[in-house]
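Structural features, examined
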Amino acid sequence: MAAAVFPAWLALQPGARTLRAFSTAVSPATRAPTPSPRTTERTSKYERPLRRKALPPRTEKMAVDQDWPSVYPVAAPFKPSVVPLPVRMGYPVKSGVPMAKEGNLELLKIPNFLHLTPVAIKKHCEALKGEKGFHTAHSEEQHYILHYLKFCTEWPAALDNDEKCEKHFPVEIETADYVSAGPSVRNPKARVVTLRVKLSSLNLDDHAKKKLIKLVGERYCKTTDVLTIRTDRCPLKRQNYDYAVYLLTVLYHESWKTEEWEKNKTEADMEEYVWENSSSEKNILETLLQIKAAEKNLEVNKEELLGTKEVEDYRKSVVSLKNEGDNESTLSQYKESVKRLLNLT
Amino acid sequence: MRERSGTPNLHELDAGHFLHTGSQAPQNLAAHLDNQVPVESPRAVSRTSESDPAKHGEQHEGQHYNIPLQDLKAVFPHGLPPRFVMQVKTFNEACLMVRKPALELLHYLKNTNFAHPAVRYVLYGEKGTGKTLSLCHIIHFCAKQDWLILHIPDAHLWVKNCRNLLQSTYNKQRLDQPLEASIWLKNFKTANERFLSQIKVQEKYVWNKRESTEKGSPLGEVVEQGITRVRNATDAVGIVLKELKRQSSSGIFHLLVAVDGVNALWGRTTLKREDKSPIAPEELALIYNLRKMVKNDWHGGAIVLTLSQTGSVFKPRKAFLPQELLGKEGFDTLDPFIPILVSNYNPKEFESCIQYYLENNWLQHEKAHTEDGKKELLFLSNTNPGQLERLCAYL
């Protein structure tokens, strides 16, 4: 034990000679500090940590039939000490040869595909084979597609039409992923999350629905009854997803609450025309009362007057006229109901 | 009789094609009418000798009836459309065509119950279809029946281009329009001479330190005061309106309130004060009093109104439907009312109009009386009465 420890301890010492015992071609003489340094550098050279000699490159220890994919498993820059090929690159000087690979910047700059040798690709395809039983592909693109397909599962057979999907999964989340060839896999556009939900699948009563629509404003589409929330304010996709879900929760709960100031809702805020307590009701009531007074029929009360069928028809026609706007049918309906109400032939 | 005389135009149209009624309605009606009307001489087609509007019925539809020129001056000192006035001068006779909307209104008016609150009838339609002339037809009828006519020829004139606005003496918040008020009072006097001595005011009105109108004096005095003292004209108009409204219920006379361009009462004005702040319609005394007049809290008469985009301010050119022109405020005030659509000519009316022009030698073009010529005119004018009149002026 002690013997094992001893060399390790000694190895920690900078400039320990024991380390050099493992290397083969090191001459102790080269390492000894020169006995006559210049006076200016005397202190620095003595105090400078003694640098160990560079090791021989890994290429010298590589067997010919080694497992190359484990040397270059991913895209990595060209490392001359790891690639055992004697490549040369560069423009030769006069009566010279192209530069060697050691310290060659040109070889570093260009993209290399040392991680995609046929052997490596074969291994990837074998790994991806899975249940699909695909014919092994050899190009990089197909490589990616297979990668995606392996992690997909079958579409559940029970959800065979849109209504069932709507019923069981009313909330739809839309995200986008971006792939590009480049130094980095990140794309800032990938953090956008869109949440879509139909309001009919939420449990909202009349007041809650109106309040929710007012709160979200433009994000609600009236024709398709779909609320769309698009978030991109957080840097990560999962954060945006959480935020979108949080927004939906908050909207739902807030719309069920009724605040103090909601009592001050005026006629101009109303989304649709409400006949009760409107000026139209007052007008017709006054008119009818005057008619009755003219006929000396004084014992009538308001509820009776408003409950007759003519007034009901009139109410419907006014509501449709206000909500749908003027068109031929609403106007003619209104005309007929007024004629009947006022007893004109 | 005919149950559907009330709204034949609207029932026979295809659903959802409201704005294109001009060309579709005539075809449908023509199918009915062609069976009934045999080929007659042109004079019979375009004219009728029945000059009393009270006796106009469906058989006179499409035919022109003559208004004697003295009647014209008495009944319409103001209120006829300017192009019609020119036509009257040229032809030396005033002929109005009897059309369905007017017939419908006449039917309602004949059956008015004067004990019930006044019913409001609103004539609406696209530009140039004949709303103002239909209103004039009604006014003629009421004048013949000896009603008191309160006719405001164009309410738009009271909300734009008015100079000399004064602060009202009666109510500091409101503004007077002396010029417009005095012009209207003069015309009102001409139209209703005989009533002005019969109706007595029921209150004392003090104009200023020296002048006042006693209780029980005839209404004509108030009108005179307004005409002579232009400063008090607006107040005079207000008094006239108030008294008429109060007294029409008593049954001495029947009151017809006829306002052309009633949508001016509830829109915006183009008038500004000296400090360039805009004036709302209700700050004008004339408009304020007129609004009180078109409410249905009085009885003993009827209220006939037309909506007009021509001359209106801040309204798009294509707007003609009631809610578009009246706005929310106007609709709520006028509710409940009977909307009556005035549409373009049907083939019979078109034919009658062309015949009338040909008889008066108005169409000088040699091809004007041929079938092809008529078809071309029909196409160019799209059976719109106003457009046809303008086209024929060039021929």
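The present account deals with the structure reproduced in this document.

Cut-offs and rules
- Residues numbered from 1 in each chain as written.
- Chains lettered and ligands numbered in written order.
- Predicted model: local features only at pLDDT ≥ 70, side-chain atom pairs only at ≥ 80, totals over all residues.
- Heavy atoms only, no water.
- Helix = DSSP H or I, 4+ residues; strand = E, 2+ residues; numbered from the N terminus.
- Buried < 20%, exposed > 50% of the residue type's maximum accessible area, 1.4 Å probe, protein only.
- Contact = heavy atoms within 4.5 Å.
- Areas by Shrake-Rupley, 256 points an atom, 1.4 Å probe, with all protein chains shown as cover.
- Phe/Tyr/Trp six-rings, centres within 6.5 Å; stacked < 30°, edge-to-face > 60°.
- Lys NZ or Arg CZ within 6 Å of the ring centre and 35° of its normal.
- Polar contact = N/O pair within 3.5 Å; in protein donor to acceptor, adjacent residues only side chain to side chain.
- Pairing = 2+ DSSP bridges.
- Axes fitted to C-alpha atoms, helices over the stretch in contact; angles between N-to-C directions.
- Core = buried A, V, L, I, M, F, W, Y, C linked by side-chain atoms within 4.5 Å.
- Buried area = accessible area lost by both parts, 1.4 Å probe.
- Salt bridge = Lys/Arg side-chain N within 4 Å of Asp/Glu carboxyl O.
- Parallel < 35°, antiparallel > 145°, perpendicular 65-115°, else oblique.
- Left-handed = near helix turned anticlockwise from the far one by under 90°.
- Nonpolar A, V, L, I, M, F, W, Y, C, P; charged D, E, K, R; others polar.

A few words on the overall build of chain A. Looking only at helices and strands, chain A has 14 helices and four strands in total. Counting the 345 residues in chain A, one finds 25% classified as buried. Of all intrachain contacts in chain A linking residues separated by at least 6 positions in sequence, the fraction that spans at least 24 positions is 49%. Carbon and sulfur atoms make up 58% of the accessible area of chain A, which totals about 25,600 Å².

Below, the discussion takes up the packing of aromatic side chains. For any pair of aromatic rings, the description consists of the separation of the ring centres together with the inter-plane angle of the planes. Enumeration according to the criterion identifies 14 aromatic pairs over all chains in this entry. Ring plane angle 80 degrees and centroid distance 5.4 Å describe the contact between F91(B) and W362(B), whose orientation is recorded as edge-to-face. Note that F91(B) is positioned in helix α5 (residues 82-91) and W362(B) in the loop between α14 (347-359) and α15 (371-381), a separation of 271 residues in sequence. Between the aromatic rings of W158(B) and W184(B), the centroid separation amounts to 6.5 Å while the plane-to-plane angle is 85 degrees, which identifies the pairing as edge-to-face. Here W158(B) is found in the loop between β4 (148-152) and β5 (166-167), whereas its partner W184(B) is found in helix α8 (residues 178-191), with 26 residues between them in sequence. Among the aromatic residues, ring-to-ring pairing joins Y314(A), Y334(A), F331(B) and F337(B) into one connected group. Above the face of the Y72(A) ring, K79(A) is positioned so that its terminal group lies 5.5 Å from the ring centre. Positioned over the ring face of Y288(B) is R174(B), at 3.7 Å from the centre of the ring.

All names here are of chain B. Mapped onto the secondary structure, T112 falls in the loop between α6 (100-110) and β3 (119-124). Look at T112 and you get buried, because its relative accessible area is 13%. The sequence separation of T112 and G301 amounts to 189 residues, and the corresponding C-alpha distance is 7.8 Å. Within the local environment of T112, its side chain forms a polar contact with the backbone oxygen of L109, the two atoms lying 2.3 Å apart.

On to the side chain of S182(B). Assignment of secondary structure puts S182(B) in helix α8. For S182(B), the residues in contact, after removing those within four places along its chain, are G226(B), V230(B) and A233(B).

Before going further, it helps to spend a moment on the sheet that holds β3(B). Residues and elements named next belong to chain B. What the five strands build is an open sheet, ordered β4-β9-β10-β3-β11; its pairing is parallel. Strands with a single pairing partner mark the edges of an open sheet, and in this sheet they are β4 and β11 (338-341). With direction set aside, neighbouring strand axes in the sheet form an average angle of 15 degrees. By the bridge criterion, five bridges tie β4 to strand β9 (residues 255-260) in an arrangement that is parallel.

Turning next to the pairing of strand β2 (residues 94-97) of chain B. All names here are of chain B. Neither face of β2 is left uncovered, since the one carrying A94 and L96 and the one carrying C95 and M97 both have all their residues buried. With four bridges joining them, strand β1 (residues 64-67) and β2 adopt antiparallel strand pairing. Of the residues in β2, the one forming a bridge with N66 is C95.

With that out of the way, let us pick up the nonpolar core. Y121(B) and L244(B) are the most contacted members of the largest nonpolar core, which totals 115 residues. When residues no more than four places from it in sequence are discounted, the contact partners of Y121(B) are L344(A), L105(B), Y108(B), L109(B), A302(B), I303(B), V304(B), L305(B), I338(B) and I340(B). In this structure, M97(B), Y345(B), C353(B) and C392(B) belong to the second largest nonpolar core, which totals 14 residues.

Take the interface of chain B and chain A next. Listed by partner, the interface residues are 35 residues for chain B and 28 residues for chain A. The contact between chain B and chain A buries some 2,700 Å² in all, and 56% of this surface belongs to carbon and sulfur atoms. Summed over the three residues of chain B that lose the most area to chain A, namely H116(B), Q323(B) and P336(B), the buried surface amounts to 20% of that side. Where chain B touches chain A, the interface holds two salt bridges. A salt bridge links K335(A) to E104(B); the shortest N-O distance between them is 2.9 Å. Applying the counting rule to chain B against chain A returns nine residue pairs in polar contact (both at pLDDT 80 or more). Elements that contribute at least two residues to the side of chain B that touches chain A include exactly α6, β3, α13 (322-334) and β11 of chain B. When residues in the side of chain B that touches chain A are grouped by element, the largest group, seven residues, is from α13(B).

Further remarks concern the pattern of salt bridges. Any two side chains of opposite charge can pair if their charged atoms end up close together. Scanning all chains against the criterion turns up 38 salt bridges over all chains. Close ionic contact of E93(B) with R47(B) constitutes a salt bridge, the shortest N to O distance being 2.9 Å. Here the residue E93(B) occupies a position in the loop between α5 and β2, and R47(B) occupies one in the loop between α3 (42-46) and β1, the gap between them amounting to 46 residues. Put simply, E172(A), E174(A) and R196(A) are held in one network by salt bridges that share partners.

Inspection of the secondary structure puts N289(B) in helix α12 (residues 285-293). On the accessibility criterion, N289(B) (14% relative accessible area) is buried.

Pairs of packed helices are described in terms of their axes, by the angle between the two and the distance that separates them. Residues and elements named next belong to chain B. Across the interface, helix α10 (residues 219-228) lies against helix α11 (residues 233-248) with an axial gap of 8 Å and an inter-helix angle of 160 degrees. As judged from the angle between their axes, α10 and α11 are roughly antiparallel. Between α10 and α11 lies a crossing whose hand is left-handed. Residues L219, V222, V223 and G226 of α10 pack against A233, A236, I239, V240, E243 and L244 of α11. Split by residue class, the contact of α10 with α11 holds eight nonpolar, one polar and one charged.

All names here are of chain B. Take R120: it is sitting in strand β3. R120 sits 219 residues away from P339 along the chain, and the two C-alpha atoms are 8.7 Å apart. Residues in contact with R120, not counting those within four places in the same chain, are V294, K295, N296, I303, T333, L334, D335, P336, F337 and I338. Within the structure, the side chain of R120 is placed 3.1 Å from the backbone oxygen of V294, a separation counted as a polar contact.

Let us look at the sheet that holds strand β4 (residues 226-231) of chain A. Residue and element names in this part refer to chain A. Within the open sheet, the four strands sit side by side as β1-β2-β4-β3. Their pairing is antiparallel. Sheet topology places β1 (171-175) and β3 (220-221) at the edges, where each strand pairs with a single neighbour. Note that β3 and β4 share two bridges and pair antiparallel. Directly across from C221, in β4, lies its bridge partner V226. Against the sheet, helix α10 (residues 237-256) makes contact with β1, β2 (193-198) and β4, and its axis sits at roughly 140 degrees relative to β4, the strand it touches most.

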